[in-house]
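These are the residues of each chain, in order.
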Amino acid sequence: MTGGKEPTASAANTHWGGRFTAGPAEIMRRINASIEFDKRLWAEDIAGSQAHCAMLVAQDILSAQDGAAIQAGLAQIKAEIESGQFVFSEAHEDIHMNVEARLAELIGPIAGRLHTARSRNDQVATDLRLWLRATIERIDRAMRELQQALIDRAEIEAGTVMPGFTHLQIAQPVTFGHHLMAYVEMIGRDRGRLADCRRRLNESPLGAAALAGTSFPIDRHATAATLGFARPMANSLDAVSDRDFAVEFLAAAALTGTHLSRFAEEIVLWCSDGFGFIALSDAFTTGSSIMPQKRNPDAAELVRAKSGRLAGSLAALLTVMKGLPLAYGKDMQEDKIPVFEAADALELCLAAAIGMVRDMRPDREKLRAAAGRGYSTATDLADWLVRAAGLPFRQAHHATGEIVKRAEQRGCTLAELPLAELQAVEPAITAAVYDVLRPECSVASRRSFGGTAPDLVRAAAAAARQSYLVDE
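The structure displayed is predicted, hence computed values, not measured ones.

Enquirer: Tell me what's going on with the overall build of the chain, and back it up with residues and numbers.
Expert: Counting its regular elements, the chain contains 19 helices and 6 strands. Overall, the chain is about 100 × 55 × 40 Å in size when its C-alpha atoms are taken along their principal axes. Here the chain holds 472 residues, and 48% of them are scored as buried. Within the chain, contacts between residues separated by at least 24 positions form 74% of all contacts whose residues are at least 6 apart in sequence. For the chain, the accessible area works out to roughly 21,900 Å², and carbon and sulfur atoms hold 53% of it. Measuring between centres, the 51 positive side-chain charges of the chain sit 2 Å from its 59 negative side-chain charges.

Enquirer: Let's hear about the packing of aromatic side chains: which residues, and what values?
Expert: Counted according to the given criterion, the structure contains 6 aromatic pairs. Centroid distance Phe-176 to Trp-270: 5.3 Å. Interplanar angle 70°. Geometry classified as edge-to-face. A residue pair is termed long-range when its members are at least 10 positions apart, and Phe-176 in helix H8 (residues 176-201) and Trp-270 in helix H11 (residues 244-271) qualify at 94 residues. We note that Phe-176, like Trp-270, is buried. Here the aromatic rings of Phe-275 and Phe-277 are separated by 5.2 Å at their centres, their planes lie at 85°, and the arrangement is edge-to-face. Three or more aromatic residues link up through ring pairs in this structure, and these residues are Phe-165, Phe-275 and Phe-277. The ring of Phe-340 is capped by Arg-40, whose NZ or CZ atom sits 4.7 Å from the centre of that ring.

Enquirer: Go over a nonpolar patch on the surface, please, and point to the residues and values.
Expert: Together, Ile-27, Met-28 and Ile-31 make up a nonpolar patch on the protein surface, roughly 330 Å² of accessible area in all. Tracing the sequence through the fold places Met-28 in helix H2 (residues 26-32).

Enquirer: Give a detailed account of unusual backbone geometry, specifying residues and quantitative values.
Expert: For the bond from Leu-326 to Ala-327, the omega torsion is 10°, close enough to zero to count as cis. Counting through the fold element by element, Ala-327 comes out in the loop between helix H12 (298-321) and helix H13 (336-359). Positioned with a positive phi, Glu-93 is a non-glycine residue whose angle comes to about 75°. Locating Glu-93 in the fold gives a position in the loop between helix H5 (64-83) and helix H6 (95-107).

Enquirer: I'd like a rundown of the nonpolar core, residues and numbers included.
Expert: Counting 90 residues, the largest nonpolar core has Leu-146, Phe-249, Leu-260 and Phe-263 as the members making the most contacts within it. Looking at which element gives the most residues to this core, the answer is H11, with 14 residues. Aside from chain neighbours lying at most four places away, what touches Phe-249 is Leu-132, Ile-136, Ile-139, Leu-194, Cys-197, Val-339 and Ala-343. Judged by nonpolar contacts, the second largest core, of 19 residues, contains Ala-382, Ala-396, Ala-399 and Ile-429.

Enquirer: Tell me what's going on with the side chain of Glu-93, and back it up with residues and numbers.
Expert: Accessibility expressed as a relative area gives 7% for Glu-93, which makes it buried. Engagement of the side chain of Glu-93 in a polar contact is seen with the side chain of Arg-120, the distance being 3.1 Å.

Enquirer: Give me the lowdown on the pattern of salt bridges, citing residues and values where you can.
Expert: Under the definition given, this model contains 31 salt bridges. Residues Asp-282 and Arg-295 are paired through a salt bridge, measuring 2.5 Å at the closest nitrogen-oxygen approach. Of this pair, Asp-282 sits in the loop between strand S5 (278-279) and H12 while Arg-295 sits in the loop between S5 and H12, and the two are 13 residues apart along the sequence. Here the salt bridges share partners, and the residues they tie into one network are Glu-93, Asp-94, Arg-120 and Lys-330.

Enquirer: Break down the packing of helix H7 (residues 120-156) against H8 for me, citing the residues and quoting the values.
Expert: One can describe the packing of H7 onto H8 by two numbers: an axis separation of 9 Å at closest approach and a directional angle of 165°. Of the possible angle classes, the one that applies to H7 and H8 is roughly antiparallel. Along this stretch, H7 crosses H8, giving a crossing that reads as left-handed. Residues of the contact of H7 with H8, tallied by class, amount to 16 nonpolar, 3 polar and 10 charged.

Enquirer: Tell me about the confidence of the model for the chain, and name the residues and values.
Expert: Confidence in the prediction of the chain, expressed as mean pLDDT, is 93, and 94% of residues score 70 or more. Low pLDDT, under 50, characterises residues 1-13; the stretch is placed with 31 contacts to residues that sit more than four places away or in other chains.

Enquirer: Describe the packing of H8 against H11, naming the residues involved and giving the relevant values.
Expert: Packing of H8 against H11 brings their axes to within 8 Å, and their N-to-C directions diverge by 165°. In terms of orientation, H8 lies roughly antiparallel with respect to H11. Like other packed secondary-structure pairs, H8 and H11 cross with a definite hand, here left-handed. Of the residues belonging to the contact of H8 with H11, the class tally is 15 nonpolar, 3 polar and 7 charged.

Enquirer: Please provide a residue-by-residue account of the pairing of strand S2 (residues 169-175), values included.
Expert: Across 6 bridges, strand S1 (residues 161-166) lies against S2 in antiparallel orientation. When the bridges of S2 are listed, Met-162 appears paired with Val-174. Counting the residues between successive antiparallel strands, the hairpin from S1 to S2 contains 2 residues, one of them, His-167, with a positive phi of roughly 55°.

Enquirer: Tell me about H5, and please be specific about residues and values.
Expert: With 20 residues, H5 extends 29 Å between its outermost C-alpha atoms, agreeing within 8% with the 28 Å of an ideal straight helix rising 1.5 Å per residue. Along H5, the residues that are buried comprise Asp-66, Gly-67, Ile-70, Gly-73, Leu-74, Ile-77, Glu-80 and Ile-81. With its buried residues spanning 145° around the axis, H5 presents them on a single face. Exposed residues on H5 whose side chains face more than 90 degrees from its buried face are Ala-64, Gln-65 and Glu-82. The elements touched by buried residues of H5 are helix H4 (42-58) and H6. The first or second residue beyond H5 is Gly-84, which carries a positive phi of 85°.

Here is what the cut-offs are and how they apply
- Residues numbered from 1 in each chain as written.
- Predicted model: local features only at pLDDT ≥ 70, side-chain atom pairs only at ≥ 80, totals over all residues.
- Heavy atoms only, no water.
- Helix = DSSP H or I, 4+ residues; strand = E, 2+ residues; numbered from the N terminus.
- Buried < 20%, exposed > 50% of the residue type's maximum accessible area, 1.4 Å probe, protein only.
- Contact = heavy atoms within 4.5 Å.
- Areas by Shrake-Rupley, 256 points an atom, 1.4 Å probe, with all protein chains shown as cover.
- Lys, Arg positive; Asp, Glu negative; His and termini not counted.
- Charge placed at Lys NZ, Arg CZ, Asp CG, Glu CD.
- Phe/Tyr/Trp six-rings, centres within 6.5 Å; stacked < 30°, edge-to-face > 60°.
- Lys NZ or Arg CZ within 6 Å of the ring centre and 35° of its normal.
- Patch = residues over 30% accessible without salt bridge, like charges linked within 9 Å, V, L, I, M, F, W, Y side chains within 5 Å.
- Salt bridge = Lys/Arg side-chain N within 4 Å of Asp/Glu carboxyl O.
- Core = buried A, V, L, I, M, F, W, Y, C linked by side-chain atoms within 4.5 Å.
- Polar contact = N/O pair within 3.5 Å; in protein donor to acceptor, adjacent residues only side chain to side chain.
- Axes fitted to C-alpha atoms, helices over the stretch in contact; angles between N-to-C directions.
- Parallel < 35°, antiparallel > 145°, perpendicular 65-115°, else oblique.
- Left-handed = near helix turned anticlockwise from the far one by under 90°.
- Nonpolar A, V, L, I, M, F, W, Y, C, P; charged D, E, K, R; others polar.
- pLDDT = per-residue confidence, 0-100.
- Pairing = 2+ DSSP bridges.
- Expected span 1.5 Å × (residues − 1).
- Arc of directions from axis to C-beta.

The following block contains the structure:
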């Protein structure tokens, strides 16, 4: 610890009062300490202490002189941590005790007055909520940036014809822009879930103390307002034992990761020799240590893989919480690792996805050629038979299947099949049918709301800009 001696194990027990006379076993100290990961909460811990100190002074629980000394000490600790001079010590177990121990070195016994009317239970719950609130805001900005990159690309590729797939089989023609806009909607829902999470977590546990509140005349509304919370939590037991907000964040993060993984999988496919739909530059690919011709979409593969870590973090915290009675249990110390790891992984995946969207170079000729394979306009033919020839759809569907079989036997596309072959199956077919058998005609005809017609894709992109990218 900067400015003082490293405390012994037995000295560390002075935090718990006179009941403990011997130091803990070394294994106990190792399993009990959380400073290696909860030191990330240092800014939030100091902010909470500053707000608590100001409230204690305002409520005449702490003298103005002592309050000023505490605030000055906290400011110095903040400066030391920011400058890298602060030494975090496992002997002090967690971020709260590290800060308090250093405060005692700076201002003496007065530091002990800061902990009046609070516990580490409400302190850590407050810290984690503050940290997660800021993290959600930062992640939301990255998600917005991903949406912008997708929309920008979708507008450019609004008329680029490509095959749409079901069961990974060519189904119907769509446009590349329409395909990308699907992910804009997915990320929009993800942003909504994180916004809901942020709104629900924005209540302050500070002042709930260990579990039952306090006999001191504190003002929890004041500390909540100082820290930017909407209100204090209504029940002291719930305040210290609730980790719904962390689980909810992990659930939203895991689902976002699933969406990013699906997109990453498509990038892997599109970059493959079998598809050749897009190319990524050296910025987002790697080579092989043995095969010099290889260009591997490793950024996409790693985004795909990290979705497993996000799902694992959710499962880990749900498992920690599932058997805990009220109120606080030391088990909850394990809440921060999955939250921190998930947040880090999600931010990295978002950054990679943004980069790949901006970097990708579609091969429009290959996309168009692929859109014409697999008899992708068969549904258009069936629809034409319903619309122009008056056939019931099931009859049109059967006739179209017969026509596809004839095209397969000839080794040609539907648009290349002679009119006589078409009429041999259904005499009502005329030459006008060829107007719907090209992929460009197919996508242009899909004009129902949310469809793939190029002008609808451009309109959808404009609407998404207004909905997702314009600040309210």
